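Analysis of the macromolecular model
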Amino acid sequence: MERKIIYTIDTKDAGKNILTFLKQHHYSKNVIVLLKKTENSILVNGKWYYVNQKLQKDDQLIIRIIETAQTTPSGIVPVRLPLSVTYEDEDLLVINKPAHMPIHPSMGHHEHTLANAVAYYAKERSEYYPFRCVNRLDRDTSGLTILAKNPYASCLLNEQMRNRKICRTYYAIASGYTKKQGTIQAPIARKQGTVIERTVDFIHGEYAVTHYETLAQKNGLSFLQLTLETGRTHQIRVHMRYLGHPLIGDFLYTGSCNSDTSWMQRQALHAGKLSFFHPISGQPLSFTAPLPEDMMQFFPIVVS
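The structure contained in this document is the topic of the report that follows. Keep in mind that this is a model prediction, so the values were computed, not measured.

1. A closer look at helix α4 (residues 151-162)
- For α4, which comprises twelve residues, the first-to-last C-alpha distance of 16 Å matches the rise-based estimate of 16 Å (1.5 Å per residue) to within 8%.
- Within α4, the full set of buried residues consists of P151, Y152, A153, S154, C155, L156, L157, Q160 and M161.
- On the buried face of α4, the contacting elements are β1 (2-8), α2 (29-37), β4 (60-66), β7 (142-148), β8 (167-175) and β14 (269-277).
- The N-capping residue of α4, defined by a side-chain oxygen 3.1 Å from the backbone nitrogen of Y152, is N150.

Right under this line is the structure:
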């Protein structure tokens, strides 16, 4: 797949070499290496140049990012699976992931993951791009996730993630009646003796902050809207258990399930909103995904 990006050099960039220009536009070392290895990937006024070429005012610089299965093999098997595409352009995909679908292949989940589904989706369109997930979701968490379709978009989106410019809003159903709103600031670490479970650990844990607002309550349950300042593994699930209000259906962090909610076969957690800036154009983007049916049975609320 090829992504072509065109720049017209202005006064402030005149005199810089191409390498400096690319670094200032947040091209990563790996992307620059890819460009160096690819014929006709850097064109100035239609001529192929190396990165030490100096730029002049009004030059047209064209960057061609080209990836093929031969140059960047992914090893992911294309599998025809349901895939709900919320948004797509030449730089990114926004997917509404269903519950019970892992993001990446792993032991025991080789061909039933989001990565397999996206590989098939791209193949059907005669496209190729390695699987690059920006905001990863747990297997049983439903909702919106961003995929970068080229390495430059991936650089810029991951930079937004690091700088907390990707706003992620989650919806959850917790046991008990929570306060109207609050902030949970409690460090999270891997629980001793397990590679999966996390716990609040004020000595060894990493900084983690979750904000929540209670939108509705009934039958001993609370429907919450949550936003993250950090993105630790299982952050919402761990923080809500620490608060004394674990998510219903979260067998890992409760060990059992209330009989009234026993048919909820996964943690009641949904990534319902995403807001960020387009990696290339800089335009603000915002997306929503409706609550899945299993959560709607408890709180039939429209997410907007």
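Read on for the rest.
2. Some words on α2
- Along α2, the residues classified as buried are V31, I32, L34 and L35. What you see down the axis of α2 is that its buried residues fit within an arc of 155°, all on one side. With respect to the buried face of α2, the exposed residues turned more than 90 degrees away are K29, N30 and K37.
- Elements in contact with the buried residues of α2: α1 (18-24), β2 (42-44), β4 and α4.

3. Points about the nonpolar core
- Within the largest apolar cluster, 21 residues are counted, with the highest numbers of intra-cluster contacts made by Y7, L22, Y27, L35, L61, I63 and I65.
- Of all the secondary-structure elements, those providing two or more residues to this core are β1, α1, α2, β2, β4 and α4.
- Residue contributions to this core peak at four residues, all from α2.
- Listed in part, the 20 residues of the second largest apolar core include Y170, Y212, I236 and A271.

4. Description of the pattern of salt bridges
- Within this structure, the stated rule accounts for 17 salt bridges.
- E67 is the salt-bridge partner of R132, the closest N and O atoms lying 2.3 Å from each other. With a gap of 65 residues between them, R132 in the loop between α3 (114-124) and β7 and E67 in the loop between β4 and β5 (85-88) connect regions that are remote in the sequence.
- Overall, E67 belongs to the buried group, its relative accessible area being 3%.
- We note a salt bridge from D250 to R237, for which the minimum N-O separation is 2.8 Å. Taken as a pair, D250 in the loop between α5 (235-243) and α6 (251-254) and R237 in helix α5 lie far apart in primary sequence, 13 residues in all. Take D250 and R237: they sit in the same class, and that class is buried.
- When salt bridges that share partners are traced, they join R3, E90 and D91 into one network.

5. Some points on the sheet that holds β1
- Ordered by their spatial adjacency, four strands build an open sheet running β1-β4-β2-β3, and the pairing between neighbours is antiparallel. Each of the sheet's edge strands pairs with one partner strand only, and the pair in question is β1 and β3 (47-48).
- In this sheet, β4 lies alongside β1 in antiparallel orientation, the contact comprising seven bridges. The residue bridging T8 from the neighbouring strand is Q60, located in β4.
- Across the face of the sheet, α2 comes into contact with β2 and β4 while running at roughly 95° to β4.

Calculation notes
Residues numbered from 1 in each chain as written. Predicted model: local features only at pLDDT ≥ 70, side-chain atom pairs only at ≥ 80, totals over all residues. Heavy atoms only, no water. Helix = DSSP H or I, 4+ residues; strand = E, 2+ residues; numbered from the N terminus. Expected span 1.5 Å × (residues − 1). Buried < 20%, exposed > 50% of the residue type's maximum accessible area, 1.4 Å probe, protein only. Contact = heavy atoms within 4.5 Å. Polar contact = N/O pair within 3.5 Å; in protein donor to acceptor, adjacent residues only side chain to side chain. Arc of directions from axis to C-beta. Core = buried A, V, L, I, M, F, W, Y, C linked by side-chain atoms within 4.5 Å. Salt bridge = Lys/Arg side-chain N within 4 Å of Asp/Glu carboxyl O. Pairing = 2+ DSSP bridges. Axes fitted to C-alpha atoms, helices over the stretch in contact; angles between N-to-C directions.

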